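# Notes for the structure review
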Amino acid sequence: AQSVTQLGSHVSVSEGALVLLRCNYSSSVPPYLFWYVQYPNQGLQLLLKYTTGATLVKGINGFEAEFKKSETSFHLTKPSAHMSDAAEYFCAVSRYGNNRLAFGKGNQVVVIP
Amino acid sequence: DAEITQSPRHKITETGRQVTLACHQTWNHNNMFWYRQDLGHGLRLIHYSYGVHDTNKGEVSDGYSVSRSNTEDLPLTLESAASSQTSVYFCASSSGTSGLQETQYFGPGTRLLVL
């Protein structure tokens, strides 16, 4: 079975500062990894995903994440936070041929002007 | 444009009543999923389907059922609503044709309050 850990349900970041959201996973087989974003009163949309190949993955809105197998991590970063980044962010894991996602509990990001 | 819709967007019901939440996608996707979102729990999988007439239980399936009679729709039924089923429900779909993990596309959600 796979599981996902996201620490810190609420994350505050100053506008222009680095955004760092941590995600650690456990999986018995090589995982597929995802970050989704949820804006208020909306569904989830994909930010980025790792399946195979390059371990540094770039997504929409300036976000990127790096898959580190040795650390079982897939942390999400953005160099400079914008007010529009205020949202909830979910890390998710799947495994080959499964097509089912296991989600972390999410990080609510607040951007301080 | 292809899309995934959910109805109703908001629903208030009473304990013991049967409730059906609709999910409709126009991508012709094989895979469809139902999740519930609760504070402190993230999203948890209720039921999923890999094609017409295929349904499977997820991690929190007790009290819920689904049926898949066509490609486009996967309605979620709460057989006898309980207050513990107050939640936000999301439907999602993915292509299911590549054999690899594919992106899931989410609907806007249904807020259900059980009194």
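Below, the structure is looked at part by part. (Residues numbered from 1 in each chain as written. Chains lettered and ligands numbered in written order. Predicted model: local features only at pLDDT ≥ 70, side-chain atom pairs only at ≥ 80, totals over all residues. Heavy atoms only, no water.)

### Observations concerning the packing of aromatic side chains
This model, assessed by the stated rule, comprises 15 aromatic pairs over all chains. An aromatic cluster is built from Phe34, Tyr36, Phe90 and Phe103 of chain A together with Phe33, Tyr35, Tyr48, Tyr50 and Phe106 of chain B, whose rings are joined through pairwise contacts. (Phe/Tyr/Trp six-rings, centres within 6.5 Å; stacked < 30°, edge-to-face > 60°.)

### Side note on the pattern of salt bridges
Residues and elements named next belong to chain B. Overall, the coordinates contain five salt bridges over all chains when judged by the stated rule. Between Glu14 and Arg17 there is a salt bridge, with its nearest N and O atoms 3.4 Å apart. The class for Glu14 is partly exposed, based on a relative accessible area of 45%. In this structure, Arg36 and Asp38 form a salt bridge, with 2.8 Å as the shortest nitrogen-oxygen distance. The pair Arg36 / Asp38 is uniform in exposure class, with both members buried. Through salt bridges with shared partners, a single ionic network connects Arg36, Asp38 and Arg44. (Salt bridge = Lys/Arg side-chain N within 4 Å of Asp/Glu carboxyl O. Buried < 20%, exposed > 50% of the residue type's maximum accessible area, 1.4 Å probe, protein only.)

### Section: the nonpolar core
Formed by 27 residues in total, the largest nonpolar core has its most connected members in Trp35, Leu47, Leu48, Phe74, Leu76 and Tyr89 of chain A. Of all the secondary-structure elements, those providing two or more residues to this core are β3 (19–21), β5 (31–38), β6 (44–50), β8 (64–68), β9 (73–78), β10 (87–95) and β12 (107–112) of chain A. With four residues, the single largest contributor to this core is β10 of chain A. The contacts of Phe74 of chain A, once residues within four sequence positions are left out, are Cys23, Leu33, Phe34, Trp35, Leu48, Lys49, Tyr50, Ala65, Glu66 and Phe67 of chain A. With 18 residues, the next largest nonpolar core counts Ile4, Met32, Leu74 and Leu78 of chain B among its residues. (Core = buried A, V, L, I, M, F, W, Y, C linked by side-chain atoms within 4.5 Å. Helix = DSSP H or I, 4+ residues; strand = E, 2+ residues; numbered from the N terminus. Contact = heavy atoms within 4.5 Å.)

### Notes on the environment of Glu59 of chain B
Residue and element names in this part refer to chain B. The topology assignment puts Glu59 in the loop between β6 (54–57) and β7 (64–66). It is 6.0 Å that separates the C-alpha atoms of Glu59 and Ile46, two residues lying 13 residues apart in sequence. Apart from the residues within four sequence positions on either side, Glu59 is in contact with Arg44 and Leu45.

### A short note on the state of the cysteines
Linking two cysteines covalently through their sulfur atoms gives a disulfide. Per the counting criterion, the structure on display carries two disulfides over all chains. The disulfide partner of Cys23 of chain A is Cys91 of chain A, and the gap between their sulfur atoms is 1.9 Å. Looking along the S-S bond of the Cys23 of chain A-Cys91 of chain A disulfide, the torsion reads about -65°, which is the left-handed sense. Residue Cys23 of chain A is located in the loop between β3 and β4 (24–26), and its partner Cys91 of chain A is located in strand β10; the two are separated by 68 residues in the primary sequence. Pair check on accessibility: Cys23 of chain A and Cys91 of chain A agree, each one buried. Disulfide pairing places Cys23 of chain B opposite Cys91 of chain B at an S-S distance of 1.8 Å. Linking Cys23 of chain B and Cys91 of chain B, the disulfide has an S-S dihedral of approximately -70° and is accordingly described as left-handed. Taken as a pair, Cys23 of chain B in strand β3 (residues 19–25) and Cys91 of chain B in strand β9 (residues 87–94) lie far apart in primary sequence, 68 residues in all. (Disulfide = S-S within 2.5 Å.)

### Comments concerning the interface of chain A and chain B
Contacts between the two partners involve 24 residues from chain A, matched on the other side by 24 residues from chain B. A combined buried area of about 1,800 Å² lies between chain A and chain B, and 50% of that area is made up of carbon and sulfur atoms. The largest contributions to the chain A side of the interface with chain B come from Asn99, Arg100 and Phe103 of chain A, which together make up 32% of the buried area. Our enumeration of links across chain A and chain B arrives at zero salt bridges. Viewed at the interface, chain B and chain A are joined by five residue pairs in polar contact (both at pLDDT 80 or more). Of all the secondary structure elements, the ones that give two or more residues to the side of chain A that touches chain B are β5, β6 and β10 of chain A. Considered class by class, the residues forming the side of chain A that touches chain B number nine nonpolar, 10 polar and five charged. (Buried area = accessible area lost by both parts, 1.4 Å probe. Polar contact = N/O pair within 3.5 Å; in protein donor to acceptor, adjacent residues only side chain to side chain. Nonpolar A, V, L, I, M, F, W, Y, C, P; charged D, E, K, R; others polar.)

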